[in-house]
Amino acid sequence: MAADLAGVLPIVPTPFRDDGAPDEEDLRAVVEFIIASGADGLVFPGVASEFDTLAPDERVHLTRLVAEAIGGRKPFVVGASAASEAEAVGYARLARELGAAAVMAMNPPALAKDPMAVEGFYRALAATGVTVMLQNAPAPVGSALTMPFVATIVQRIPGVAYVKEEALPAGQRIGELLRLAPPGLRGVLGGAGGRYITDELARGACGTMPAAELTDLHAALWAVHVAGDRAAVRAMFNRMLPLLNFQAVFRMAMTKAVLAARGVIRHVHVRAAGPRLDAGDRAELAEMLAEVADLFARGRYPLRM
């Protein structure tokens, strides 16, 4: 099974100025950082982009801006998750217009208990003519669809070709879906910030969709995976793990703090709800970053503390 979308495809965060408005200059800088760091593709907007805090006009404008900044250099996956099917279909049409490689979407949570409605949702996305990636996340954000049901959707709907699996245990679920091998499936990718990447890759995942601040480290891990060096995969993962655990708690606040420390963005404002870093957290983060500074120093974006 050859996957056209494979490797490291980070979620592009949405930088906001201190007044809460999107910062377009910072957004372009993040795109450049991700590409320079060796990513195999980019995704926007996703949960890590704070997509549910964006007004529809902001979301469309910023999606166009990301596509323009990428400029066809890497595959672009457009996020289409939304509160309603009509909204999601609109974003899928935008993805087709922009020449995106795929559109990624969770079904609206309101449909979670209605299998026919969930299938209808993905059928409507596929009808726009763009390749569809089914994003399967745990509640309350997602619906944690079962793997047999996901396989049924892939089998029944031409155009649903990829799955991003984030419900836990993700590795087991990825393995189950690959064993079911529904016709039309071209690849399964992991997410969840890359916290389970060693298990996911061992079970056959064709890539990962992590947050963006450690793109160069994820790209290095992917390279040794492709080379078949399992020991090097684990060694790289073990170097990253403290930061991945920290990111699981602070999410976008940590992503933006690291991108700022690396000189990529200027503003670290977060719209989404969730914990913010205090002085103690910032000190802890600085120590963890210092421990991997030798890895950062190899690229264009060394650590600047």
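Report follows, based on the coordinates. Each chain has its residues counted from 1, following the order in which its sequence is written. Reporting of local features is limited, given that this is a predicted model, to residues whose pLDDT is at least 70; pairs of side-chain atoms are given and counted only at 80 or more, and all residues count toward the totals for whole chains, interfaces and linings. With hydrogens and water set aside, each side-chain value is computed from the structure's full complement of heavy atoms.

**Some remarks on helix α3 (residues 85-97)**
Argument step 1. The numbering of helices and of strands both runs from the N terminus, where a helix is a DSSP run of H or I of at least 4 residues and a strand a run of E of at least 2. By this rule, a helix spans an expected 1.5 Å times one less than how many residues it contains. A rise of 1.5 Å per residue sets the reference length of α3, with its 13 residues, at 18 Å; its end C-alpha atoms lie 18 Å apart and thus fit the reference within 8%.
Argument step 2. Looking only at α3, the buried set comprises Ala 88, Val 89, Tyr 91, Ala 92, Leu 94 and Ala 95.
Argument step 3. Tucked inside the fold, the buried residues of α3 contact α2 (56-70), β3 (76-79), β4 (102-105) and α4 (115-126).
Argument step 4. Once α3 finishes, Gly 99 follows within two positions and takes phi at roughly 75°, a positive value. Only protein chains enter the area calculation, which uses a 1.4 Å probe; residues under 20% of their type maximum are buried, those over 50% are exposed, and those in between are partly exposed. Note on contacts: a residue pair qualifies if any of its non-hydrogen atoms lie within 4.5 Å across the two residues.

**Observations regarding the pattern of salt bridges**
Argument step 1. Should a side-chain nitrogen of Lys or Arg be within 4 Å of a carboxyl oxygen of Asp or Glu, the pair is scored as a salt bridge. For the structure on display, the rule yields 17 salt bridges.
Argument step 2. The shortest N-O distance in the salt bridge between Arg 266 and Asp 23 comes to 2.9 Å. Placement of the pair is Arg 266 in the loop between α9 (230-261) and α10 (279-291) and Asp 23 in the loop between β1 (7-8) and α1 (24-36), with a sequence separation of 243 residues.
Argument step 3. The exposure class assigned to Arg 266 is partly exposed, which follows from its relative accessible area of 48%.
Argument step 4. One salt bridge connects Glu 119 with Arg 156, and the closest N-O pair in it is separated by 2.9 Å. Taken together, the positions of Glu 119 in helix α4 and Arg 156 in helix α5 (residues 147-156) put the pair 37 residues apart, joining distant regions of the chain.
Argument step 5. Classification of Glu 119 by relative accessible area gives buried; the value is 8%.
Argument step 6. Through salt bridges that share partners, Asp 23, Glu 25, Asp 26 and Arg 266 make up one connected network.

**Concerning the pairing of strand β7 (residues 187-190)**
Argument step 1. Alternating residues of β7 divide into Gly 187 and Leu 189 and Val 188 and Gly 190, and every residue in both groups is buried.
Argument step 2. Here 4 bridges tie strand β6 (residues 160-165) to β7, and the two strands are oriented parallel to one another. For Val 163, the partnering residue across the bridge sits in β7 and is Val 188.
Argument step 3. For the handedness criterion, the β-α-β arrangement of β6, helix α6 (residues 170-180) and β7 is classed as right-handed.
Argument step 4. Paired strands, in this sense, are two strands between which DSSP finds at least two bridges. Sheet topology note: the β7/strand β8 (residues 207-208) ladder contains 2 bridges and is parallel. When the bridges of β8 are listed, Leu 189 appears paired with Gly 207.
Argument step 5. The handedness of a crossover follows from its direction of travel: if, with the strands pointing away from the viewer, the path from the first strand over the helix to the second runs clockwise, the crossover is right-handed. Assessed by its sense of winding, the connection that carries the chain from β7 through helix α7 (residues 197-202) to β8 is right-handed.

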